[in-house]
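Results of the structural survey
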Amino acid sequence: MPIKYLIQKEFLQIRRNVFLPRLIVIFPIMMMCVMPWVMNQEVKNIRVDVVDNDRSQLSQQIVHDIEASNYFIFNGQKPTYRAALKEVETSKADVILVIPRDYGKDIMQGKQPQVLIAANAVNGTKGAMGSAYLSQIVNEVLRMKNEGTANAIEVQQNNLQSSFLYNKHLNYKVFMIPALFAMLLMLMCGFLPTLNIVGEKEAGTIEQINVTPVSKWAFILAKLIPYWLIALLLITVCLVLSWLVYGITCQGPIWLIFLLVMPLALFWSSFGLIISNYSDTMQQAIFVMWFFVVSMLLLSGLFTPTRSMPQWAYATTYINPMHYFIDAIRTVFVRGGDLRSIAHQVLALTGIAVVMACWAVASYKKNS
């Protein structure tokens with residue numbers, strides 16, 4: 001069969017390339033062993049300045065709790081708010097805690113004095129989380145202080161009990177590792193096919209294919225199958241590394257992971273071939289592909305919840321295969337969902353992938 005020899009040709013081209021085999025092996029290892037530590041949105045090492053105008057036992061307890069926290073770097077106590085603000089302006093501090101005069105006395109008298117928390121919100125996430133962490137420390141000190149007093153009932157009423165489902169310890173790696181699968185497939189199954197046909201155009205070998213009786217379907221299918229198999233290999237390596245390095249395993253059926261990988265790999269390899277068919281140079285193909293990769297990635301919900309987007313931006317998720325894949329793989333990998341819980345995403349992914357595969361065939365111009 002002609003397609004058999006075309007697939008063999010694709011694998012020979014990959015094997016004889018000096019760079020590609022190394023990339024296929026090293027890239028998933030780097031993604032799984034390095035990125036889960038780096039792509040961590042948990043806020044730590046927040047530098048705090050304290051302005052203690054009270055100097056009471058209660059205020060010093062707050063200071064000691066800040067020093068003992070794993071989330072803060074205690075910069076020391078500053079004499080005035082203005083002095084602390086200068087450190088924020090020079091990026092030497094992130095958050096300022098100002099304890100007012102007679103704070104401890106007012107608490108003992110049943111009053112509610114206000115503590116000022118001023119956070120550098122240039123990085124909005126860091127500023128908001130730093131303020132929240134400091135507020136928790138102050139409230140915890142007050143709760144301990146009020147135990148056994150008349151204020152204890154009021155404090156207890158404000159206590160809430162939280163239960164974290166599916167990720168009990170709030171391990172950010174559990175959240176990010178499935179997303180790394182999506183990024184890996186996007187980069188490997190997207191960019192490599194993008195450079196495939198346009199590379200043959202620049203080398204002149206595409207003309208030899210054009211004068212053969214090979215059909216467009218056979219030619220494009222032979223281009224897609226190798227990257228489909230590479231995608232399955234990459235995900236297998238990632239699952240093994242996730243288990244060996246982090247002790248994190250898929251909570252749902254493993255076969256569902258591969259079921260989700262196949263249409264996404266088909267989509268990106270088809271999309272890459274479409275761009276390659278319409279491009280004349282590698283530079284043009286890379287820039288066009290990079291535009292769509294960044295757009296789909298940022299609009300997929302990989303880093304931020306899609307429901308937080310404006311309505312017009314959220315509407316793009318209906319045609320974004322990355323959104324369906326990330327939502328589904330986190331459902332299977334983290335929550336342990338079954339096929340029924342991701343049926344909608346599987347159907348949407350498959351439909352989009354089939355449309356792109358047909359487009360890839362139609363866009364290839366074979367001049368025989």
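In what follows, the structure referred to is the one given above.
First, a word on what this report is: a plain description of the structure on this page. Owing to the predicted nature of the structure, the values given are computational and were not obtained by experimental measurement.

**Some points on the overall build of the protein chain**
- A tally of helices and strands in the protein chain yields 16 helices and 4 strands.
- Here the C-alpha radius of gyration of the protein chain, 28 Å, is well above what a compact globule of 368 residues would show, namely 21 Å.
- Here the C-alpha coordinates of the protein chain stretch approximately 95 × 45 × 40 Å along the principal axes.
- Taking the intrachain contacts of the protein chain between residues at least 6 apart in sequence as the baseline, contacts between residues at least 24 apart amount to 78%.
- When the accessible surface of the protein chain is totalled, it reaches about 19,900 Å², and 61% of it is carbon and sulfur.
- Averaged over its 29 positive side-chain charges, the protein chain has a centre that lies 10 Å from the centre of its 21 negative ones.

**What about the sheet that holds strand β1 (residues 46–52)?**
- On the basis of which strands lie adjacent, the open sheet formed by 4 strands has the order β2-β1-β3-β4 and mixed pairing. Single-partner strands in this sheet number two, and they are β2 (72–77) and β4 (116–119). Direction aside, the axes of adjacent strands within the sheet are offset by 20° on average.
- Of the pairings in the sheet, the one linking β1 to strand β3 (residues 95–99) comprises 5 bridges and is parallel in character. Within β3, the position partnered with Asp-49 by the bridge is Ile-96.
- In this fold helix α4 (residues 57–68) packs onto β1, β2 and β3, with an angle of close to 140° to the strand it touches most, β2.
- In this fold helix α5 (residues 81–89) packs onto β1, β2, β3 and β4, with an angle of close to 170° to the strand it touches most, β3.

**Notes on the packing of aromatic side chains**
- One pass over the structure, following the stated rule, counts 12 aromatic pairs.
- For the ring pair Phe-72 and Tyr-133, a centre distance of 6.4 Å and an interplane angle of 80° mean the geometry is edge-to-face. Separated by 61 residues along the polypeptide, Phe-72 in strand β2 and Tyr-133 in helix α7 (residues 124–146) bring together distant segments of the chain.
- Overall, the relative accessible area of 6% leaves Phe-72 in the buried class.

**Considerations on unusual backbone geometry**
- The phi dihedral of Asn-45 is positive, around 55°, even though this residue is not glycine.
- On the secondary structure map, Asn-45 appears in the loop between α3 (35–38) and β1.
- For Asn-45, a relative accessible area of 48% translates into the label partly exposed.
- Here the phi dihedral of Asp-102 falls at roughly 55°; this positive angle occurs in a residue that is not glycine.
- With respect to the helices and strands, the residue Asp-102 is situated in the loop between β3 and α6 (103–108).
- You can call Asp-102 partly exposed: its relative accessible area is 41%.

**Thoughts on the nonpolar core**
- Ranked by size, the top nonpolar core spans 85 residues in total, and within it Phe-181, Ile-220, Ile-257, Trp-268, Met-322, Phe-325 and Phe-333 carry the most contacts.
- A per-element tally of this core places helix α9 (residues 172–203) first, with 18 residues.
- Grouped together as the second largest cluster of nonpolar side chains are 20 residues, Ile-62, Ile-99, Leu-134 and Val-141 included.

**A short note on the pattern of salt bridges**
- With the rule as written, the count across this model stands at 5 salt bridges.
- By sharing partners, the salt bridges in this structure join Arg-47, Asp-94 and Lys-126 into a single network.

**Regarding the packing of α9 against helix α13 (residues 282–298)**
- Where α9 contacts α13, the axes come no closer than 9 Å and their chain directions differ by 160°. When the axis of α9 is compared with that of α13, the two are roughly antiparallel. The way α9 lies across α13 gives a crossing that is right-handed. Across from Met-183, Met-186, Gly-190, Phe-191, Thr-194, Leu-195, Val-198, Gly-199 and Glu-202 in α9, the residues of α13 making contact are Met-282, Ala-285, Ile-286, Met-289, Trp-290, Val-293 and Leu-297.
- For the contact of α9 with α13, the class distribution of residues is 12 nonpolar, 3 polar and 1 charged.

**Re the pairing of β1**
- Of all 7 residues in β1, 6 are buried, a share of seventy percent or more.
- With 5 bridges joining them, β1 and β2 adopt parallel strand pairing. Residue pairing for β2: Asp-49 is matched across the bridge by Gly-76.
- Between β1 and its parallel partner β2, the chain crosses via α4, and the hand of that crossover is right-handed.

**Observations regarding the side chain of Thr-331**
- Considering the arrangement of structural elements, one finds Thr-331 in helix α15 (residues 321–335).
- For Thr-331, the contacting residues outside a window of four places in its chain are Gly-336, Gly-337, Ser-341 and Ile-342.

**Focus: the side chain of Thr-194**
- On the secondary structure map, Thr-194 appears in helix α9.
- Here Thr-194 falls in the buried class, since its relative accessible area comes to 0%.
- What Thr-194 contacts, discounting residues up to four positions off in sequence, is Gly-272, Ile-275, Ser-276, Ala-285 and Met-289.

**Some details on the packing of helix α11 (residues 216–246) against helix α16 (residues 343–363)**
- The interhelical angle for the contact between α11 and α16, taken along N-to-C directions, is 125°, at an axis separation of 9 Å. Considering their axes alone, α11 and α16 lie oblique with respect to each other. Handedness of the crossing formed by α11 with α16: right-handed. From α11, Lys-216, Trp-217 and Ile-220 reach across to α16, where they touch Cys-358, Ala-360, Val-361 and Ala-362.
- Of the residues assigned to the contact of α11 with α16, the class counts are 6 nonpolar, no polar and 1 charged.

Conventions we followed
Residues numbered from 1 in each chain as written. Predicted model: local features only at pLDDT ≥ 70, side-chain atom pairs only at ≥ 80, totals over all residues. Heavy atoms only, no water. Helix = DSSP H or I, 4+ residues; strand = E, 2+ residues; numbered from the N terminus. Rg over C-alpha atoms; globule rule 2.2 N^0.38 Å. Contact = heavy atoms within 4.5 Å. Areas by Shrake-Rupley, 256 points an atom, 1.4 Å probe, with all protein chains shown as cover. Lys, Arg positive; Asp, Glu negative; His and termini not counted. Charge placed at Lys NZ, Arg CZ, Asp CG, Glu CD. Pairing = 2+ DSSP bridges. Axes fitted to C-alpha atoms, helices over the stretch in contact; angles between N-to-C directions. Phe/Tyr/Trp six-rings, centres within 6.5 Å; stacked < 30°, edge-to-face > 60°. Buried < 20%, exposed > 50% of the residue type's maximum accessible area, 1.4 Å probe, protein only. Core = buried A, V, L, I, M, F, W, Y, C linked by side-chain atoms within 4.5 Å. Salt bridge = Lys/Arg side-chain N within 4 Å of Asp/Glu carboxyl O. Parallel < 35°, antiparallel > 145°, perpendicular 65-115°, else oblique. Left-handed = near helix turned anticlockwise from the far one by under 90°. Nonpolar A, V, L, I, M, F, W, Y, C, P; charged D, E, K, R; others polar. Right-handed = clockwise from strand over helix to strand, strands pointing away.

Nothing here speaks to function; it is all geometry.
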